[in-house]
Amino acid sequence: MEVAMVSTRASLLILILSLCSPYKFIQSPMDFGPLNLLPTTTTTASSDFGRILFHSPAAVLRPQSSGDISMLLSFLSGSSLSKVTVAARGAGHSIHGQAQALDGIVVEMRSLPAEIEFHRGGEGQVSYADVSGGVMWIELLEQSLKLGLAPRSWTDYLYLTVGGTLSNAGISGQTFKHGPQISNVLQLEVVTGRGEIVKCSPSKDADLFNAVLGGLGQFGIITRARILLQEAPQKVTWVRAFYDDFSIFTRDQELLVSIPDLVDYVEGFIVLNEQSLHSSSIAFPASVDFNPDFGTKNSPKIYYCIEFAVHDYQRKNTNVHHVVEVISRQMSHMVSQLYSVEVSYFDFLNRVRMEEMSLRSVGLWEVHHPWLNMFVPKAGVADFRDLLMDNISPDSFEGLILIYPLLRDKWDTNTSVVIPDSSGSTDRVMYVVGILRSANPEPEDGCSHHCLQELLRRHRRIADTAGARLGAKQYLGHHPTRAGWHQHFARRWERFAERKARFDPLRILGPGQGIFPRTQDADAAAYGS
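A few points on the structure. It should be emphasised that the depicted structure is a prediction, and the values quoted were computed from it without experimental measurement. (Residues numbered from 1 in each chain as written. Predicted model: local features only at pLDDT ≥ 70, side-chain atom pairs only at ≥ 80, totals over all residues. Heavy atoms only, no water.)

### Description of the overall build of the chain
At step 1: Looking only at helices and strands, the chain features 16 helices and 18 strands.
At step 2: In the chain, which comprises 529 residues, the share counted as buried stands at 56%.
At step 3: Sequence separation of at least 24 residues holds for 75% of the intrachain contacts in the chain that already meet a minimum separation of 6.
At step 4: In the form shown here, the chain has an accessible surface area of approximately 22600 Å², with 50% of it arising from carbon and sulfur atoms. (Helix = DSSP H or I, 4+ residues; strand = E, 2+ residues; numbered from the N terminus. Buried < 20%, exposed > 50% of the residue type's maximum accessible area, 1.4 Å probe, protein only. Contact = heavy atoms within 4.5 Å. Areas by Shrake-Rupley, 256 points an atom, 1.4 Å probe, with all protein chains shown as cover.)

Structure representation (structure tokens):
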């Protein structure tokens, strides 16, 4: 065993020297003993869902255990010769290269064994699942449903890794009720930037626990998580209602999130044109007789849709259809424009997969996705809507614009995630707005490089203006400058930087975020020289 470890460390030293050299002489897989560390041979590790940035790493680690990741990071953190950075990559669903590592090492988290262990609590006790960080949420759902259990909080798209979403926040229509996914974690196993394997929780190594949740991969790599579970409903009644007035739309959304004892899920979206109406209806298995007048290019008419859901546990003395009727009577949607359908819980949670398969079938999934997600204070949501309309063309917009309310008190401010400051306001409500645009470069009249850059500039203008005027914050943020990150974290920057200095002093982790560029001065400071 000791001989093997010495051999591995010697091989790692060779790797470090080669990565630091201007001449990349690794051309074929090298023997790193127990480490499955290979040079880049495919484009997978240099691309992501955004298809905007393509930064090739020098090598890819396919770990078989937390120990493999620990060995790599321990070696890098102990070497003053190395400027190598490391990024953890889950499902590759980032937009702006956040999980890339230019000339560094990408850790393919999906290579970890897909381990899921369940604990069903007795009366008055919680149920939970211990899950590998590389497991996808769809896999956890499939396995937990066999036991009649499921996580409480989700993302809309389930083909994402547990470690990946916990490094950001993880939000969907259940967030108003149960908080983001990071509020539904009991314990983590983390490999820090120093290479230490640490089990942490709210009561043990709490600072690391809070730092990593929503920490954008800056402090450690999540290799295991204990996820809180609840009883899973058998069916869901899924409801959609249409609006032609934004203020009534948001008022009804806020009504729905104020009755969590009745409502289990609330989202909404803007209906800009026929394409957005069609694409948003692919997964909704009910006949929708909504044929609005979208106006003209110079005078567009904009519509809005609320969707909410009520869980059906199919118990005696419970009438879900009556519950939906009670709720809908309090709403002020357009006349005769409310539709409902009963679906299985699995199909409801996996609804975006149907949209994905439809887009894949016509070659529109693997295209540019210049997305922008913002958290917006309630007081500024109408102004944000106006800002958005000033910067897009409703008739030609391709994609979806989500907008729905969240509740501030469901977010733990000890974690690293950033939401808008309350600024003395008593409003519990804030909004998330997701501009989920697609840009296909393929047709002759498709979105060229110039077109893509213009879309990115518009989104940057929206983000900067909303931040300065409305106090909005980016979710899944991308800031091209260090000053931009300072503004993003604002008064939380000092705490974020102090955590970085503690858990990843050499700034090895998360280079794709661009928050802490690795420099010689930073290394010298970390070594105390």
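### Some remarks on the nonpolar core
Burial of nonpolar side chains together is a common tendency in soluble globular proteins.
At step 1: Formed by 87 residues in total, the largest nonpolar core has its most connected members in Leu 166, Leu 188, Ile 227, Phe 375 and Trp 411.
At step 2: One finds Leu 255, Leu 388, Leu 407 and Ile 435 within the second-largest nonpolar core, a separate group that totals 46 residues. (Core = buried A, V, L, I, M, F, W, Y, C linked by side-chain atoms within 4.5 Å.)

### Considerations on helix α15 (residues 493-503)
Working note: α-helix, 3.6 residues per turn, so residues spaced by three or four point in the same direction.
At step 1: Taken residue by residue, α15 has Trp 493, Phe 496, Arg 499, Lys 500 and Phe 503 as its buried positions. Looking straight down α15, one finds its buried side chains confined to an arc of 130°; they lie on one side. (Arc of directions from axis to C-beta.)

### A closer look at the pattern of salt bridges
For side chains of opposite charge, pairing can occur when their charged atoms come near one another.
At step 1: One pass over the full model with this rule turns up 28 salt bridges.
At step 2: A salt bridge links Glu 117 to Arg 224, with the nearest nitrogen and oxygen atoms 3.7 Å apart. Placement of Glu 117 in strand β5 (residues 116-119) and of Arg 224 in strand β10 (residues 220-231) is noted, with a sequence separation of 107 residues between them.
At step 3: Residue Glu 117 is classed as partly exposed on the basis of its relative accessible area of 47%.
At step 4: Note on Arg 224: relative accessible area 18%, which makes it buried. (Salt bridge = Lys/Arg side-chain N within 4 Å of Asp/Glu carboxyl O.)

### Overview of the pairing of strand β15 (residues 372-377)
At step 1: Counting buried positions over the six residues of β15 gives six, a clear majority of the element.
At step 2: Residues Leu 372, Met 374 and Val 376 line one face of β15 and the alternating positions Asn 373, Phe 375 and Pro 377 line the opposite face, and both faces are buried.
At step 3: Where β15 meets strand β17 (residues 429-437), six bridges bridge the pair, whose relative direction is antiparallel. Within the sheet, the bridge partner assigned to Val 376 lies in β17 and is Tyr 431.
At step 4: Across three bridges, β15 lies against strand β18 (residues 473-475) in antiparallel orientation. Residue pairing in the sheet places Phe 375 in a bridge with Lys 473 of β18. (Pairing = 2+ DSSP bridges.)

### Here we look at the packing of aromatic side chains
At step 1: Scanning all chains against the criterion turns up 25 aromatic pairs.
At step 2: Aromatic ring contacts, followed pair by pair, group Phe 219, Trp 485, Phe 489, Trp 493, Phe 496 and Phe 516 into a single cluster.
At step 3: Positioned above the aromatic ring of Tyr 313 is the side chain of Arg 315, whose terminal nitrogen or guanidinium carbon lies 4.5 Å from the ring centre.
At step 4: For Arg 353, the ring lying beneath its charged end belongs to Tyr 159, and the centroid distance is 3.9 Å. (Phe/Tyr/Trp six-rings, centres within 6.5 Å; stacked < 30°, edge-to-face > 60°. Lys NZ or Arg CZ within 6 Å of the ring centre and 35° of its normal.)

### A few points about the environment of Asp 289
At step 1: By the secondary structure assignment, Asp 289 is in the loop between α8 (274-281) and β13 (303-312).
At step 2: For Asp 289, a relative accessible area of 53% corresponds to the exposed category.
At step 3: Sequence separation of Asp 289 and Gln 337 is 48 residues, and the distance between their C-alpha atoms is 7.9 Å.
At step 4: When near neighbours in sequence (up to four residues on either side) are disregarded, Asp 289 contacts Gln 337 and Tyr 339.
At step 5: Within polar-contact distance, the side chain of Asp 289 engages the side chain of Asn 291 at 3.1 Å. (Polar contact = N/O pair within 3.5 Å; in protein donor to acceptor, adjacent residues only side chain to side chain.)

### What to know about the state of the cysteines
By definition, a disulfide is the covalent link that joins the sulfur atoms of two cysteine residues.
At step 1: Under the defined criterion, the tally for this structure stands at one disulfide.
At step 2: Across the disulfide, Cys 447 is cross-linked to Cys 451 (sulfur-sulfur distance 2.0 Å). On the S-S bond that ties Cys 447 to Cys 451, the torsion sits near -95°, and the link is left-handed.
At step 3: On the basis of relative accessibility, which here comes to 26%, the residue Cys 451 falls in the partly exposed class. (Disulfide = S-S within 2.5 Å.)

### Some remarks on the side chain of Ser 153
At step 1: On the secondary structure map, Ser 153 appears in the loop between β7 (149-151) and α4 (162-166).
At step 2: Within the structure, Ser 153 has its side chain in polar contact with the backbone oxygen of Gly 179 (distance 2.7 Å).
At step 3: Setting aside chain neighbours within four positions, we find Ser 153 in contact with Gly 170, Gln 174, Thr 175, Gly 179, Pro 180, Gln 181 and Asn 184.

### Section: the sheet that holds strand β11 (residues 235-243)
At step 1: Strand order in the open sheet made by the eight strands is β14-β11-β13-β12-β16-β17-β15-β18, with antiparallel pairing throughout. Sheet topology places β14 (338-344) and β18 at the edges, where each strand pairs with a single neighbour. This sheet shows a mean twist of 25° between the axes of neighbouring strands, independent of strand direction.
At step 2: Relative to strand β16 (residues 399-407), strand β12 (residues 265-271) is paired through two bridges, and the arrangement is antiparallel. Each bridged residue has a counterpart across the sheet, and for Phe 269 the counterpart in β16 is Leu 402.
At step 3: Its contacts with the sheet put helix α9 (residues 320-328) on β11, β13 and β14, and the angle it makes with β13 is roughly 145°.
At step 4: In this fold helix α12 (residues 381-390) packs onto β12, β13, β15, β16 and β17, with an angle of close to 150° to the strand it touches most, β15. (Axes fitted to C-alpha atoms, helices over the stretch in contact; angles between N-to-C directions.)

### With respect to the packing of α12 against helix α13 (residues 449-470)
At step 1: Where α12 meets α13, the closest approach of the two axes is 11 Å, and the angle between their N-to-C directions is 155°. Considering the angle they form, α12 stands roughly antiparallel to α13. As for how α12 packs across α13, the hand of that crossing is right-handed. When α12 is examined against α13, the residues Asp 383, Phe 384, Leu 387 and Leu 388 are found in contact with a partner set consisting of Ile 462, Thr 465, Ala 466 and Leu 470.
At step 2: Among the residues making up the contact of α12 with α13, the classes are represented as six nonpolar, one polar and one charged. (Parallel < 35°, antiparallel > 145°, perpendicular 65-115°, else oblique. Left-handed = near helix turned anticlockwise from the far one by under 90°. Nonpolar A, V, L, I, M, F, W, Y, C, P; charged D, E, K, R; others polar.)

### So, unusual backbone geometry
At step 1: Located in the positive-phi region is Asp 205, a residue other than glycine, with phi close to 50°.
At step 2: Among the structural elements, Asp 205 can be located in the loop between β9 (197-200) and α6 (206-212).
At step 3: Its relative accessible area of 42% is what places Asp 205 among the partly exposed residues.
At step 4: A positive phi angle, close to 60°, is found at Leu 216, a residue other than glycine.
At step 5: Along the polypeptide, Leu 216 turns up in the loop between α6 and β10.

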